[in-house]
Amino acid sequence: MLPSDTWHCPCTWYYAMEINLTVDGTARVSKPDERLIDLINRIGLKAPQVCYHPQLGPIQTCDTCMVEVDGKLVRSCATRVEPGMNVSTTSARAVAAQREAFDRILGNHMLYCTVCDNNNGNCTVHNTTRLMAVEHQKIPFKTKPYEVDNSNPFYRYDPDQCILCGRCVEACQNVEVNETLSIRWEDPHPRVLWDGGKPIGESSCVSCGHCVTVCPCNALMEKSMVGKAGFLTALPKTALAGMIDIVKAVEPDTGYGAILKVSEAESAMRESRIRRTKTVCTYCGVGCSFDVWTKDRHILKVEPREGPTNGISSCIKGKFGWDFVNSSERLTKPLIREGGKFREANWDEALGLVARRLAEIKARSGPDSLAFISSSKCTNEESYLMQKLARAVIGTNNMDNCSRYCQAPATMGLFRTVGYGGDSGSIKDIENASLVIIVGSNTAEAHPVLATRVKRAHKLRDQKLIVSDLRKHEMAQRADLFIHPKPGTDLVWISAITRYILDNGLAKTSFLEKWVNGLDDYKKSLGPFTMEFAAETCGLPIETLKKVADMIVEAEGVCVLWAMGVTQHSMGSDTSTAISNLLLVTGNYMRTGTGAYPLRGHNNVQGASDHGAMPNYLPGYQLVDDPEVRARFEAGWQVKLPSTKGLDNHEMIEAIHQGKVKAMYLFGEEISLVDSNSNFVNEGLAKLEFFVAQDIFFSDTCRFADVVLPASPSLEKEGTFTSTERRIQRLYEVFEPLEGSRPDWRIIQEIANRLGANWNFKHPSEIYVEIASLTPIFAGVTYERLEGYKSLQWPVAADGTDQPLLYTKQFNFPDGKARLFPLRYSEPTDPVDAEFDLHLNNGRLLEHFHEGNLTYRSAGIREQTPDTFVEVSPGLATERRIKTGAWVQLVSRYGQVRVRALVTDRVEGKELYMPINSSESPVNRLTSSFTDKVTHTPAYKEASVRMLVLGENGESPLPRGNPRFGHRTPQRGVEVERKWKRPDYRVPGSPMVFHATKTKANGENGT
Ligand code: SF4
Ligand code: SF4
Ligand code: SF4
Ligand code: FES
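Residues numbered from 1 in each chain as written. Chains lettered and ligands numbered in written order. Predicted model: local features only at pLDDT ≥ 70, side-chain atom pairs only at ≥ 80, totals over all residues. Heavy atoms only, no water.

Lining the immediate environment of ligand 3, one finds Cys281, Tyr283, Cys284, Gly287, Cys288, Cys315, Lys317, Gly318, Pro448 and Val449. Every element with two or more residues in the shell around ligand 3 is listed here: helix H8 (316-320) and helix H14 (448-460). Its residues placed into classes, the shell around ligand 3 shows seven nonpolar, two polar and one charged. (Near = heavy atom within 4 Å. Helix = DSSP H or I, 4+ residues; strand = E, 2+ residues; numbered from the N terminus. Nonpolar A, V, L, I, M, F, W, Y, C, P; charged D, E, K, R; others polar.)

Now the structure itself:
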């Protein structure tokens, strides 16, 4: 069974057709290929359907959607419309079948709605009971011989309430594609199984929450809901059991109708205290959006529903990683350093001091002695105001954000070749590719929801996958072809296969002729990139390289995804350019299923750059040295603007050491841990004459500050974020700012005004009006167009037309043509030698975000993943006599850290890997100050260390309950056919034992 909700025949003529049929005696028109259940729902008929979820497709486990079609009973979820069909949802046979099916469900589920935390108006079992006006159940409820499973920190499973609909299994197998869940239909008492029968907490479950989100009842529930949502649900278990018994006792006399009325009254009362607010995830750049359910300041649950990027999907961080918001460690008072210590201050005093000191230093040393760093975790409006403060109020372009640490090289590669510094299309376009190539990205952990779409297309639609990485991470394990080049050599193999394709007449000549400039010069630059050179330099067999080239040439559409494994190299910009060159040579732009997808790390790293938090660009990538651009901003802001490029993050630190930058204002960035060569960075921060750090916690960076200002996290503010898809989305205020803290945009405005500006923004929407008026690529962005779950993907024309897929008409250069960009290779920096003999790689972990300031404050995440570690290959572990848990000292040319070892075959030979989430042992004590030559992005991935074994053995840094120790149980989905084969299974409404057949149109099973 293929849940084919997002896969359609691209032939437009097919869509033009209409299907005429009759439903419940009324003539109806349907689209071809529409599911009968979708038509029934679209026209507003109320028909039962318990297991159907549009984003899961038909899983056919519940049988409650039975309808009569031309005299035959069929499941409406698994039946496609056909011309002339005569459908009845209410015939006696259909209704009898529906009732019988639902009766079986009630045999598996006790209705105790009034004391159930899921009684919130959206329980499918409750609502179906009411819809079908069930008064008494024929099949009595029977408990199952299993205990409630509470072993996961975030959710619990109650087998007794489980109706065996299999939605969770389908979501885990085919949407999340973690392949943990199954139902063994052959068991006498089937239930949902984790890894085939392990406790949840010992399984491969990654706590993404898909299963919990789609569960139609209370069988799977967020622990944060349990005992918290209802008025009566917090009662002790014994009292609850007593109440349930009373309800059950009256049911034979009163029927369910009267009982449901009581529970619905209770549910209505909940509406007054439970709020549901839409927000956008604060963690990674995928841009998932969801409703946050809250009761006062308690988060009941996060519910992904209809986000344009994620639908029902989330990962552990977005679904469960929000404890930090109510952490007792939140800053709620400004702090001022005095006599080497911090003391609390009031806002007026702190802001006054900030304004006075910034003004003094500007007056004494000039505007370029000040530097500003914006946050990729904060909103577009906040980045806009920060760069406006730097430029319009102070008069400097010393303005940057953390895209300098990750994505600037990718942006450069795209600027050079295709013209826009953003992903070519949407995640849907990646799904449509026939071949996806992932280079230097641990996508399943760093961009989990985006990875689910690749895993799904790979599993269900035969999409091919090539992964190039140093580590055999999940995507590498799933790949059709996994290649492991020597560190820092991606540019070579990519250029070599591009040359091979050109040399062998395999390039897309028609595309090159029509759409691409610079072929001759580019070809010349490819001279050194022979297959032999690549094989030697990258350590890859020529046959493997040819295979990669052949797979690319044979594919109908290729998308390349890359991330920090490419960009954080001294050749990061050039390797990103090489990827884009390869796509151009093979004609893989300008249509869905093709293109370049650098995956943005932080939730708003794209937006921070887009909105001008860069030293050379005003908002919308308008150059600061373009007089026409400056004139427009000068007119808008009524000031004279600086015209020369400012300092980037890396240059700022150098300039502090040189005494040129004397003051810095930074918000929402943990620069002291996340910049490379952190000892050097921290020495620089300590030298600042005046340093303002604005954050929600007292971060490591705050240690160096003179003034610390307490800010509010995303759940306490409004504004917009821009995801990796260039998708702009609104976030709404879930909570009021914690008393004492303020949203960053308000703080920045206060400081600007104390420095003489006269800004009067009352709401972020007013800031966006100004942004749109000055920035052509955001001309049509308005809060109205972004209302609720609506979104826009830039560039957005004044009439609101956006561009989910770029370059459909032309590339973003004056002549509309792309440009091949010649490249040269140079050796990686900080190489291994006899003294520093091990290569050290680093990156993200699924559970933690970046340095972990937010995620370590989630008790559940800490329980599963309490610390960082260094991954050591089995070979090296044997050689050095290291076991998992052994303490080792890693020493580089720049610093040292002490960390526990984790022996794993995810790494090979003399390559180590350290997750970046640690403030005690930050990997950046080991990294160098070498950078990408073009963008100054630190070459984090080029590091060499020696490893000293400290001789003490500790516990495994990953506890047994970590999902990495689980064993997945992949299967095609819920595999309902196995249920139908049970000897006790009978199609409702039919005396016959059911045998699965295939319907002609779609391969789904019908009756
Ligand atoms: S991985 Fe875990 S949380 Fe995610 S769908 Fe599977 S069982 Fe549920
Ligand atoms: S736990 Fe799974 S099978 Fe059971 S009711 Fe929930 S979604 Fe359905
Ligand atoms: S961290 Fe990324 S993938 Fe996970 S929910 Fe947030 S946006 Fe989605
Ligand atoms: S909705 Fe459950 S079988 Fe169709």
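Glancing now at the environment of valine 781. By the secondary structure assignment, valine 781 is in the loop between helix H29 (764-774) and strand E30 (791-793). In this structure, the C-alpha to C-alpha distance between valine 781 and tryptophan 794, residues 13 residues apart in sequence, is 8.6 Å. The contacts of valine 781, once residues within four sequence positions are left out, are Ile728, Tyr768, Ala772, Leu786, Leu792 and Val796. (Contact = heavy atoms within 4.5 Å.)

We now examine the packing of aromatic side chains. Inspection of every chain in the model, using the stated rule, returns 27 aromatic pairs. Taken together, a centroid distance of 5.7 Å and an interplanar angle of 90 degrees make the contact between tyrosine 589 and phenylalanine 811 edge-to-face. Of this pair, tyrosine 589 sits in the loop between helix H22 (572-585) and strand E22 (595-598) while phenylalanine 811 sits in the loop between E30 and strand E31 (818-819); the two residues are 222 residues apart in sequence, bridging distant segments of the chain. Each member of the pair, tyrosine 589 together with phenylalanine 811, is buried. Measuring from centroid to centroid gives 5.4 Å for tyrosine 617 and tyrosine 621, while their planes differ by 75 degrees, and the two rings are edge-to-face. Just as tyrosine 617 is buried, tyrosine 621 falls in that class too. An aromatic cluster of at least three residues, connected via ring pairs, comprises Phe415, Tyr420, Phe511, Trp515, Tyr589, Tyr617, Tyr621, Trp794, Tyr807 and Phe811. If you follow arginine 857 out to its NZ or CZ, it ends over the ring of phenylalanine 697, 3.6 Å from the centre. (Phe/Tyr/Trp six-rings, centres within 6.5 Å; stacked < 30°, edge-to-face > 60°. Buried < 20%, exposed > 50% of the residue type's maximum accessible area, 1.4 Å probe, protein only. Lys NZ or Arg CZ within 6 Å of the ring centre and 35° of its normal.)

Next up on the list: the side chain of serine 289. Tracing the chain through its elements places serine 289 in strand E11 (residues 289-295). Judged by its relative accessible area of 0%, serine 289 is buried. At 3.4 Å, the side chain of serine 289 and the side chain of glutamine 729 are in polar contact. Discounting residues that sit within four places of it in the chain, serine 289 has contacts with Lys278, Thr279, Val280, Pro304, Gly307, Pro308, Asn310, Gln729 and Tyr789. (Polar contact = N/O pair within 3.5 Å; in protein donor to acceptor, adjacent residues only side chain to side chain.)

Here we take up the side chain of serine 573. The residue serine 573 is located in helix H22 in this model. Here serine 573 falls in the buried class, since its relative accessible area comes to 0%. The residues contacting serine 573, other than those within four sequence positions of it, are Pro409, Met412, Gly413, Arg416, Asp932, Val934 and Thr935.

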